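This is what each chain is made of:
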Amino acid sequence: MDVNHITAWPAVAVALGGVAYFAAIYLAAGLVASGVRVALLRRGRGRLLDPRPLPAGQVARERRQSAVSIVIFGVGLLLPWAMLVHGWASVHSSNPPLRVVLELLALLVWNDIHFYTVHRVLHRPKLLRAVHAAHHRSVVTTPWSTYAFHPVEALLLGSVLLPPMLLWPFTPLALALLPVLSLTYNAIGHSNFSALPRRWRWLSNAQDHHLHHACHRGNYGFLFTFMDKCFGTQLPHDAARAVIEAGLARDARRGGAA
Ligand SMILES: [Zn+2]
Ligand SMILES: [Zn+2]
């Protein structure tokens, strides 16, 4: 089937195709990030950013939560599909490479603005307790934490493409690739692993996403740092040192007492 003619698809095919698409990229990103992390650690390359042990059952819980998010993201594709069907939005008829690259850059910047805004709102005390706490159950993150959200958070984050689609006829390829890039970056951000020297950190704000989980605040951005810098919420690289050392010391005392 041609994604340029997605408006001709029946709704059930859009929903099922969406679920299959998000499931495939979640599994691929999780497996690749886990595999790379294990391979590099075995070779003595890189280090765990937060060396505290995972609670029993964390990865299984993250996969269960992510399965619900995958269904929400996949079925949620019916919204942009309906926008196309009813003529509220349109897509470009082909995929010129330069246009795809420029649109992807614009969408990545928008993705950061959208993610930061939703994320900061979800850190309001009542919403944090009711919704965002589901993601923060992973204090030490794994590549499988990426989609481990409360369903309301999945709905909010899944809306990222709707405003730009109302404003511009994006190429189908740029729209399809945004979730791939976003999830790849998300998997890096939750891998709890650093193989990059500090001077390369500008490449990857995600290297510091573990600080957000360890400190429960700050570093609300996604790919870029401009929103955290603009609003004064960027954490220093050693922000979690005290909480990580306290956690390790507590574990050591428990181990000694056992
Ligand atoms: Zn958060
Ligand atoms: Zn996270």
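Owing to the predicted nature of the structure, the values given are computational and were not obtained by experimental measurement.

Participant: So what's going on with the packing of helix α4 (residues 97-122) against helix α5 (residues 125-136)? Residues and values would help.
Facilitator: Relative orientation of the contacting elements α4 and α5 amounts to 120 degrees, with a least axis distance of 9 Å. It follows that α4 is oblique to α5 by the angle criterion. Contact residues: α4 offers His119, Val121 and Leu122, while α5 offers Leu127, Leu128, Val131, His132 and His136. Tallied by class, the residues present in the contact of α4 with α5 amount to five nonpolar, three polar and no charged.

Participant: Could you give me a rundown of the coordination of the zinc ion (ligand 1), with the residues and numbers involved?
Facilitator: Around the zinc ion (ligand 1), the protein contributes the donor atoms His119 (NE2), His123 (NE2), His132 (NE2), His136 (NE2) and His212 (NE2), which lie 2.0 to 2.2 Å from the metal centre. Each donor residue of the zinc ion (ligand 1) belongs to the same chain, with the gaps between them written as H-x3-H-x8-H-x3-H-x75-H. One end of the pair, His119, is in helix α4; the other, His132, is in helix α5, with 13 residues separating them in the sequence. When its relative accessible area of 3% is taken as the criterion, His119 is described as buried.

Participant: Residues and numbers for the coordination of the zinc ion (ligand 2), please.
Facilitator: In ideal tetrahedral geometry, four donors around a metal make angles of 109.5 degrees, whereas ideal octahedral geometry with six donors gives angles of 90 or 180 degrees. Those protein atoms acting as donors to the zinc ion (ligand 2) are His135 (NE2), His190 (NE2), His209 (NE2) and His213 (NE2), and they sit at 2.1 Å. The site at the zinc ion (ligand 2) holds four donor atoms, and with the angles between them running 92 to 161 degrees, its shape is irregular. Of note, the zinc ion (ligand 2) draws all its donor residues from one chain, in the sequence arrangement H-x54-H-x18-H-x3-H. In this pair, His135 is assigned in helix α5 and His190 in helix α8 (residues 172-190), connecting sequence segments 55 residues apart. For His135, a relative accessible area of 4% translates into the label buried. Its relative accessible area of 3% is what places His190 among the buried residues.

Participant: Could you give an account of the nonpolar core, with specific residues and numbers?
Facilitator: Core analysis: the largest hydrophobic core is formed by 37 residues, its most contacted members being Leu107, Tyr147, Leu161 and Met165. Where this core is concerned, the elements lending two or more residues are α1 (11-42), α2 (58-76), α3 (78-85), α4, α6 (151-157), α7 (162-167) and α8. No other element matches the seven residues that α4 contributes to this core.

Participant: So what's going on with the packing of aromatic side chains? Which residues, and what values?
Facilitator: For the structure shown, the criterion picks out 10 aromatic pairs. Ring plane angle 15 degrees and centroid distance 5.5 Å describe the contact between Tyr26 and Tyr147, whose orientation is recorded as stacked. Of this pair, Tyr26 sits in helix α1 while Tyr147 sits in the loop between α5 and α6, and the two are 121 residues apart along the sequence. Residue Tyr26 is classed as buried on the basis of its relative accessible area of 4%. With 5.1 Å between their ring centres and 50 degrees between their planes, Phe115 and Phe222 make a pair best called tilted. Taken as a pair, Phe115 in helix α4 and Phe222 in the loop between α9 (209-215) and α10 (226-230) lie far apart in primary sequence, 107 residues in all. You can call Phe115 buried: its relative accessible area is 13%. Grouping aromatic residues by their ring pairs yields a cluster made of Tyr21, Phe22, Tyr26, Phe73, Trp144 and Tyr147.

Calculation rules
Residues numbered from 1 in each chain as written. Chains lettered and ligands numbered in written order. Predicted model: local features only at pLDDT ≥ 70, side-chain atom pairs only at ≥ 80, totals over all residues. Heavy atoms only, no water. Axes fitted to C-alpha atoms, helices over the stretch in contact; angles between N-to-C directions. Helix = DSSP H or I, 4+ residues; strand = E, 2+ residues; numbered from the N terminus. Parallel < 35°, antiparallel > 145°, perpendicular 65-115°, else oblique. Contact = heavy atoms within 4.5 Å. Nonpolar A, V, L, I, M, F, W, Y, C, P; charged D, E, K, R; others polar. Donors = N, O, S within 2.8 Å, 3.2 Å for Na, K, Ca; no water. Buried < 20%, exposed > 50% of the residue type's maximum accessible area, 1.4 Å probe, protein only. Tetrahedral: all angles 85-135°; square planar, octahedral: opposite > 155°, others 65-115°. Core = buried A, V, L, I, M, F, W, Y, C linked by side-chain atoms within 4.5 Å. Phe/Tyr/Trp six-rings, centres within 6.5 Å; stacked < 30°, edge-to-face > 60°.

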